[in-house]
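Topology and contacts: notes
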Amino acid sequence: AQSVTQLDSQVPVFEEAPVELRCNYSSSVSVYLFWYVQYPNQGLQLLLKYLSGSTLVKGINGFEAEFNKSQTSFHLRKPSVHISDTAEYFCAVSEISGYSTLTFGKGTMLLVSP
Amino acid sequence: EAGVAQSPRYKIIEKRQSVAFWCNPISGHATLYWYQQILGQGPKLLIQFQNNGVVDDSQLPKDRFSAERLKGVDSTLKIQPAKLEDSAVYLCASSPGQGWDHEQFFGPGTRLTVL
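Residues numbered from 1 in each chain as written. Chains lettered and ligands numbered in written order. Predicted model: local features only at pLDDT ≥ 70, side-chain atom pairs only at ≥ 80, totals over all residues. Heavy atoms only, no water.

**Considering the overall build of chain A**
Just so we agree on the cut-off: Numbering of helices and strands runs from the N terminus, with a helix taken as a DSSP run of H or I at least four residues long and a strand as a DSSP run of E at least two residues long. C-alpha atoms define the radius of gyration in this analysis, and the globule rule sets the expected value at 2.2 Å times the number of residues to the power 0.38. Burial classes: relative accessible area under 20% of the type maximum marks a residue as buried, over 50% as exposed, and values in between as partly exposed (1.4 Å probe, protein chains only). Residue contacts are counted whenever heavy atoms from the two residues lie within 4.5 Å of one another. Residue burial considers only the protein chains on display, and all accessible areas are found by Shrake-Rupley using a 1.4 Å probe.
A count of helices and strands for chain A gives zero helices and twelve strands. Listing the helices and strands of chain A from first to last along the sequence gives β-β-β-β-β-β-β-β-β-β-β-β. Taking 114 residues into account, the globule formula puts the C-alpha radius of gyration at 13 Å, and chain A, at 14 Å, falls close to it. Seen through its principal axes, chain A has C-alpha atoms that stretch 45 × 30 × 20 Å. Among the 114 residues that make up chain A, the fraction classed as buried is 46%. For chain A, contacts bridging at least 24 residues in sequence account for 56% of all contacts bridging at least 6. For chain A, the exposed surface amounts to about 5400 Å²; the carbon and sulfur share of it is 51%.

**Overview of the overall build of chain B**
Of the regular secondary structure elements, chain B holds zero helices and eleven strands. Reading the secondary structure of chain B in the N-to-C direction produces β-β-β-β-β-β-β-β-β-β-β. In terms of principal-axis extent, the alpha carbons of chain B reach across some 40 × 25 × 25 Å. Put simply, of all contacts in chain B between residues at least 6 apart along the chain, 54% involve residues at least 24 apart.

**Quick word on the pattern of salt bridges**
Stated formally: For this document, the term salt bridge refers to a Lys or Arg side-chain nitrogen within 4 Å of an Asp or Glu carboxyl oxygen.
A full pass over the atoms with the stated rule returns eight salt bridges over all chains. A:Lys49 serves as the salt-bridge partner of B:Glu103, at 2.8 Å between the closest nitrogen and oxygen. Taken together, the residues span two chains, with B:Glu103 in the loop between β9 (88-95) and β10 (105-106) and A:Lys49 in strand β6 (residues 44-50). Owing to a relative accessible area of 25%, A:Lys49 belongs among the partly exposed residues under this scheme. B:Arg64 is the partner of B:Asp86 in a salt bridge, and the nearest nitrogen-oxygen pair spans 2.5 Å. Within this pair, whereas B:Asp86 is found in the loop between β8 (75-79) and β9, its partner B:Arg64 is found in the loop between β6 (53-56) and β7 (65-69), the two being separated by 22 residues in sequence.

**Digging into the state of the cysteines**
All names here are of chain B. Note the threshold: A pair of cysteine sulfur atoms is labelled a disulfide when the two atoms are within 2.5 Å.
This model, assessed by the stated rule, comprises two disulfides over all chains. One disulfide bridge connects Cys23 with Cys92, the sulfur atoms lying 1.9 Å from each other. Between Cys23 and Cys92 the disulfide shows an S-S torsion of about -70°. By sign, it is left-handed. Taken as a pair, Cys23 in strand β3 (residues 19-24) and Cys92 in strand β9 lie far apart in primary sequence, 69 residues in all. Here Cys23 matches Cys92 in class, with each residue buried.

Here it is as structure tokens:
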């Protein structure tokens, strides 16, 4: 079975500063990796995904993430955040050979202030 | 393309009452998921359908929760009777099906409060 650890429950940052949200996973088989964003009172929206190929993945809204197999990590980064990036961010993993079941981390709340 | 639709958006009930949630997935999506998201936690899968068959319901509390997917399209999730700890957001998601890259598309959710 797979699991996901998001080390920070909350990350406060000032507008236009860079940010990194950390995600580590555990699985005995190959996986797909995802980052979803959840704005208040809304469902989850896909930011980016890693399936194969280049370990640096670019997503929407200027976010990117890097897959590091040796460290079993998939950290999310953005070079300059905006107030509108304030939201909850979830890392998720899915075993490639499985039924596409997603296992989510507990989430990281990104708080961007002026 | 229309997204995943869910209703109602909010529901308040008293413990021991019954409640039902409805989900309409994206047209043509074979796989449908129900998740429970308790405040401060990530979504937890309750049940997964492939067309109208159940693929995974290992985390569904079957003594009080039930779900069905009529004709492989819409789905309903029912809780009977509800407990205080069932207070959560119930998310429905869909994906095109097995062999896809496992991306799931989520609805806005139903926020349930059990008093």
